[in-house]
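For reference, the chains in residue letters:
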Amino acid sequence: MNKIELLSPAGDFNRGKIALDFGADAIYFGGKQYSLRARASNFDNNDIHKMINYAHRHHKKAYLVTNVVCHNHLLQGFDQFLQEVLKTPPDAFLCADPAILRKIQKFSPTAVIHVSTQQSVTNSKSALFWKRNGASRIVTAREVSLKEIKLMTAHVHGVIEIEMFVHGAVCISYSGRCMLSSNMCLRDANNGGCAQSCRWVSELIKNNKSLTHKFSMSAKDMCLINHFNEIKATNISALKIEGRMKSEHYIATVVNAYRKVIDNINVQEYVDDITKCANRNVSIGWFNGPPTPNEMLYHDIHQNVNQIFAMIIDKKINDTTYFVTSRNYFKLTDDFEVLAKCLMHIEKIKLISIKNENNLLINTVNQPMSKLVIQINKKLNLEPMDIIRIYK
């Protein structure tokens, strides 16, 4: 069996670095144009080259997302965009529109093409169609079950790779091909402008009287970490995490957890750890077939945004002292834990001291993005981008 690739989103350069450093085999990211998730920071041309070079220096892969559904006017600037990108070619282009796919093949006949989940591939015949048209991998629709994944991987006979989503948001339309946002607020989800209208809290009203409780039309997020062994048995090629707009803490925690599960290291510890970055309820999505009410957020259920991400390491001064940047409110007396690339376990720590930018000792950090110096009670040899969380 081939090694399963762990694929992480990268909303900007820092999050791309974190994903790769915490164990992703590859990242996917979008440019300022031709990529969905327009509200992610995304990458200008210089950052595209910078991100690809960083991945390659670390013997990892970088995939460029060009998955918009192209109206005529969007094609006009694509040649220029592509020529600039090809100065440092990504390891693959992620495409949804056949016109984009053909353009890439014209300019770079050897380019590797992955077909986006936006094409809603749900069977092996469709996968093989894309193989005949130059693709080397398809990303399945999120609306496929484990049984369907098994059939698909068995019937493509290894001639095209199959990638599936295992973690993150689930759309109530087919794999993101949604018009709610366009119709409700003139933001085109298929060109990166999704307003997440399905997550809005709604109610039915007649004659100024509410007929229902408040509800949403949104699904719970997907989390399949507990089903890795079943997925592995399908001979899948890649596991994909959703979330180009998610935080550094989310990316580090989720990527690290799936990396440990894939490598069979401290499995239960990291299965439990993944819940610490969840801001929405999770379910198994379509894993066992069509979803039940348990997979939906029908009612007015809200989870508070998790505020345990205390700080991120900027630079080591010595084994117990570090420059850090704060991310949320915390106190010197709080209990903390470290999520670090070099550690095999989540490590509990205490703070001995906190100094602010004026080199004054303080007991409370009230502002995010504050530059601080901390001393901890253990020698851990932490590295830049390691995460310190409040332990609860």
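See the structure shown above.
Residues numbered from 1 in each chain as written. Predicted model: local features only at pLDDT ≥ 70, side-chain atom pairs only at ≥ 80, totals over all residues. Heavy atoms only, no water.

## Examining the side chain of histidine 167
With respect to the secondary-structure elements, histidine 167 resides in strand β7 (residues 161-168). Under the relative-accessibility criterion, histidine 167 is labelled buried at 7%. Reaching out from histidine 167, the side chain makes a polar contact with the side chain of tyrosine 258 at a distance of 3.0 Å. For histidine 167, the contacting residues outside a window of four places in its chain are Met222, Cys223, Lys240, Ile241, Glu242, Tyr250, Val254, Tyr258 and Ile274. (Helix = DSSP H or I, 4+ residues; strand = E, 2+ residues; numbered from the N terminus. Buried < 20%, exposed > 50% of the residue type's maximum accessible area, 1.4 Å probe, protein only. Polar contact = N/O pair within 3.5 Å; in protein donor to acceptor, adjacent residues only side chain to side chain. Contact = heavy atoms within 4.5 Å.)

## Description of the nonpolar core
Within the largest apolar cluster, 90 residues are counted, with the highest numbers of intra-cluster contacts made by Phe29, Phe93, Ile104, Ile138, Leu239 and Tyr258. Here the element with the most residues in this core is helix α10 (residues 248-262); it accounts for nine residues. For leucine 239, the contacting residues outside a window of four places in its chain are Ile4, Glu5, Leu6, Leu7, Met164, Val166, Phe228, Ile231 and Ile262. Of all hydrophobic cores here, the second largest spans 23 residues; its members include Val365, Leu372, Leu382 and Ile388. (Core = buried A, V, L, I, M, F, W, Y, C linked by side-chain atoms within 4.5 Å.)

## Section: the packing of helix α4 (residues 78-85) against helix α5 (residues 98-107)
Direction vectors running N to C along α4 and α5 enclose 50°, while the axes themselves pass 11 Å from each other. Here α4 lies oblique to α5, going by the angle between them. Here α4 runs over α5; the crossing is right-handed. Contact residues: Phe78, Asp79, Leu82 and Gln83 in α4; Ile100, Lys103, Ile104 and Phe107 in α5. (Axes fitted to C-alpha atoms, helices over the stretch in contact; angles between N-to-C directions. Parallel < 35°, antiparallel > 145°, perpendicular 65-115°, else oblique. Left-handed = near helix turned anticlockwise from the far one by under 90°.)

## Quick look at the pattern of salt bridges
Throughout the structure, instances matching the rule amount to 21 salt bridges. Glutamate 161 is the salt-bridge partner of arginine 137, the closest N and O atoms lying 2.8 Å from each other. With arginine 137 in strand β6 (residues 137-139) and glutamate 161 in strand β7, this residue pair connects regions lying 24 residues apart in the sequence. On the basis of relative accessibility, which here comes to 3%, the residue arginine 137 falls in the buried class. Of the residues examined, glutamate 161 reaches a relative accessible area of 33% and is grouped as partly exposed. The residue arginine 389 makes a salt bridge to glutamate 337 at a minimum N-O spacing of 3.1 Å. Of this pair, arginine 389 sits in strand β23 (residues 387-390) while glutamate 337 sits in strand β18 (residues 336-339), and the two are 52 residues apart along the sequence. Like glutamate 337, arginine 389 is buried. (Salt bridge = Lys/Arg side-chain N within 4 Å of Asp/Glu carboxyl O.)

## Let's talk about α4
Listed in full, the buried residues belonging to α4 are Phe78, Phe81, Leu82 and Val85. Along the axis of α4, the buried positions cluster into a sector of 95°, meaning they face one direction only. Summarising the contacts, the buried residues of α4 are in contact with α2 (45-57), β3 (61-66), α3 (72-75), β4 (92-95) and α5. (Arc of directions from axis to C-beta.)

## Structural notes on helix α7 (residues 146-155)
Of the residues making up α7, those classed as buried are Leu146, Ile149, Met152 and Thr153. In an axial view of α7, the angular spread of the buried residues amounts to 120°, which keeps them on one side of the axis. Residues of α7 that are buried sit in contact with α6 (124-132), β6, β7 and α9 (228-232). Histidine 157 occupies a position one or two residues after α7 and carries a positive phi of about 55°.

## Overview of the pairing of β23
Consecutive side chains along a regular strand alternate between the two faces of the sheet. Alternating positions in β23 separate into two faces, Ile387 and Arg389 on one and Ile388 and Ile390 on the other, with burial throughout. Two elements, strand β15 (residues 309-318) and β23, share three bridges in a ladder whose sense is antiparallel. Following the sheet pairing, methionine 311 is matched in β23 by isoleucine 388. Of the pairings in the sheet, the one linking β18 to β23 comprises four bridges and is antiparallel in character. Looking at the pairing, leucine 339 lines up with isoleucine 387 of β23. (Pairing = 2+ DSSP bridges.)

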